[in-house]
Amino acid sequence: MTQDQLKQAVAQAAVDHILPHLDSKSIVGVGTGSTANFFIDALARHKADFDGAVASSEATAQRLKQHGIPVYDLNTVSELEFYVDGADETNEHLQLIKGGGAALTREKIVAAVAKTFICIADGSKLVPVLGAFPLPVEVIPMARSHVARQLVKLGGDPVYREGVLTDNGNIILDVHNLQIVDPVGLEAQINAIVGVVTNGLFAARPADLLLLGTGEGVKTLRR
């Protein structure tokens, strides 16, 4: 199977998982990226079975609206039963690196509200130790140099993602050469640096369910 076929398979598996739990009042949290886009396309076939969605980025909101799915501001929603999103890396504990699409802050906010966070990914994203994928850090622009110096002290090699502004108007530093053996601790350390909005480690709030696309079918891992 191609990578896109694996992504389509896990996207459909996520729809199949959540559909029995949806009703006319349900609002679904939806992530950002290529795998999340396959989920949106699969979910749209059932748009009559739920109320609408909360989007983790402007790009996701636009894709949902193109399918005729109502998009709600998170501030108007009291609860989310599900948040479905992809990942750039995951370990066996369902701790993730996210932010390749620069939507990490909004993704982390929506994940925090959701009762169940479902991660959908192809098998290549499962790794024994996080960090081969550079860790994105969203930073207030005026703090870029300060934050970079602090990230170097933590053992990383931060690289400014040129030409990219987040939906929040901030910049991204991608931190290379990390072997993240304590994801929860490092997430807290980086978030404590003045000028950091948040970083792409989803460890304090990991996924609850991982649907992993493999050549032998979709595998389900639970936390």
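These notes cover the structure that comes with them. It should be emphasised that the depicted structure is a prediction, and the values quoted were computed from it without experimental measurement. All residue numbers refer to positions counted from 1 along the written sequence of the respective chain. Local features in a predicted model are, by the rule used here, given only for residues with pLDDT of at least 70; side-chain atom pairs are given and counted only at 80 or more, and totals for whole chains, interfaces and linings are based on all residues. Hydrogens are left out, water is left out, and the side-chain values use all remaining heavy atoms of the structure.

**Quick word on the overall build of the protein**
Scanning the protein from terminus to terminus reveals six helices and 13 strands. For 223 residues, the compact-globule formula gives about 17 Å, and the C-alpha radius of gyration of the protein, at 17 Å, lands near that figure. When its C-alpha atoms are laid out on the principal axes, the protein stretches across 50 × 40 × 30 Å. Summary of the burial criterion: residues with accessible area below 20% of their type's maximum are buried, those above 50% are exposed, and those between are partly exposed, where the area comes from a 1.4 Å probe applied to protein chains only. For the protein, the residues scored as buried account for 52% of the 223 residues in total. Any pair of residues with heavy atoms lying within 4.5 Å of one another is described as a contacting pair. Of the contacts made within the protein by residues no fewer than 6 positions apart, 73% connect residues no fewer than 24 positions apart. Only DSSP runs of H or I reaching four residues or more are called helices, and only runs of E reaching two or more are called strands; each is numbered from the N terminus. Atoms counted for the radius of gyration: C-alpha only. Globule rule: 2.2 Å times the number of residues to the power 0.38.

**Quick look at the sheet that holds strand β9 (residues 171–176)**
Ordered by their spatial adjacency, four strands build an open sheet running β8-β9-β7-β10, and the pairing between neighbours is antiparallel. Only two strands of the sheet have a single neighbouring strand rather than two, namely β8 (157–160) and β10 (196–199). Neighbour-to-neighbour, the strand axes of the sheet open up by a mean angle of 30°, direction not taken into account. Axis definition: a line fitted to C-alpha atoms, limited for helices to the stretch in contact. Angles are taken between N-to-C directions and run from 0 to 180 degrees. Packing of helix α4 (residues 104–113) onto the sheet brings it into contact with β7 (135–139), β9 and β10, and relative to β10 it is tilted by some 65°. Sitting on the sheet, helix α6 (residues 183–191) is in contact with β7 and β10, with an inclination near 165° to β10. Note on pairing: DSSP must find at least two bridges between two strands before they are called paired.

**A word on the pairing of strand β6 (residues 114–122)**
With respect to burial, β6 is a largely interior element, seven of its nine residues being buried. Where strand β3 (residues 80–85) meets β6, five bridges bridge the pair, whose relative direction is parallel. Counterpart to Tyr83 in the pairing with β6 is Phe117. Of the strand pairs in this sheet, β6 and strand β12 (residues 209–214) are connected by five bridges, and their pairing is parallel. The partner of Ile120 across the bridge, within β12, is Leu211.

**Re unusual backbone geometry**
In the Ramachandran plot, Leu94 falls in the positive-phi region, its phi being about 65° despite a non-glycine side chain. Tracing the backbone shows Leu94 in the loop between β4 (89–90) and β5 (96–97). Positive phi values are uncommon outside glycine, yet Ala102 reaches one of about 65°. Counting through the fold element by element, Ala102 comes out in the loop between β5 and α4.

**Here's the deal with the pattern of salt bridges**
Salt bridge, as applied in this entry: a Lys or Arg side-chain nitrogen positioned within 4 Å of an Asp or Glu carboxyl oxygen. Tallied over the entire structure, the rule returns 11 salt bridges. Of the charged contacts in the structure, one is a salt bridge between Lys115 and Glu81, with a shortest N-O distance of 3.7 Å. With Lys115 in strand β6 and Glu81 in strand β3, this pair connects stretches of sequence that are 34 residues apart. Look at Lys115 and you get partly exposed, because its relative accessible area is 47%. The residue Glu107 makes a salt bridge to Lys98 at a minimum N-O spacing of 3.3 Å. Each member of the pair, Glu107 as well as Lys98, is classed as buried. Three or more residues are tied together by salt bridges with common partners; here these are Glu79, Glu81 and Lys115.

**With respect to the side chain of Asp208**
Tracing the backbone through its elements, the reader meets Asp208 in the loop between β11 (201–202) and β12. Owing to a relative accessible area of 19%, Asp208 belongs among the buried residues under this scheme. Among the polar contacts listed, one links the side chain of Asp208 to the backbone nitrogen of Phe117, at a separation of 2.8 Å. Think of a polar contact as two N or O atoms within 3.5 Å of one another; within protein, one of them needs to be a possible hydrogen donor and the other a possible acceptor, and neighboring residues in sequence only count if both atoms come from side chains. For Asp208, the side chain forms a polar contact with the side chain of Arg205, separated by 2.9 Å. For Asp208, the contacting residues outside a window of four places in its chain are Leu94, Lys115, Thr116, Phe117, Leu221, Arg222 and Arg223.

**Observations regarding the sheet that holds β4**
With antiparallel pairing, three strands are arranged side by side in an open sheet as β4-β5-β11. Unpaired on one side and paired on the other, β4 and β11 mark the two borders of the sheet. Alignment of β5 against β11, held across two bridges, turns out to be antiparallel. Bridge pairing in β11 places Leu96 opposite Phe202.

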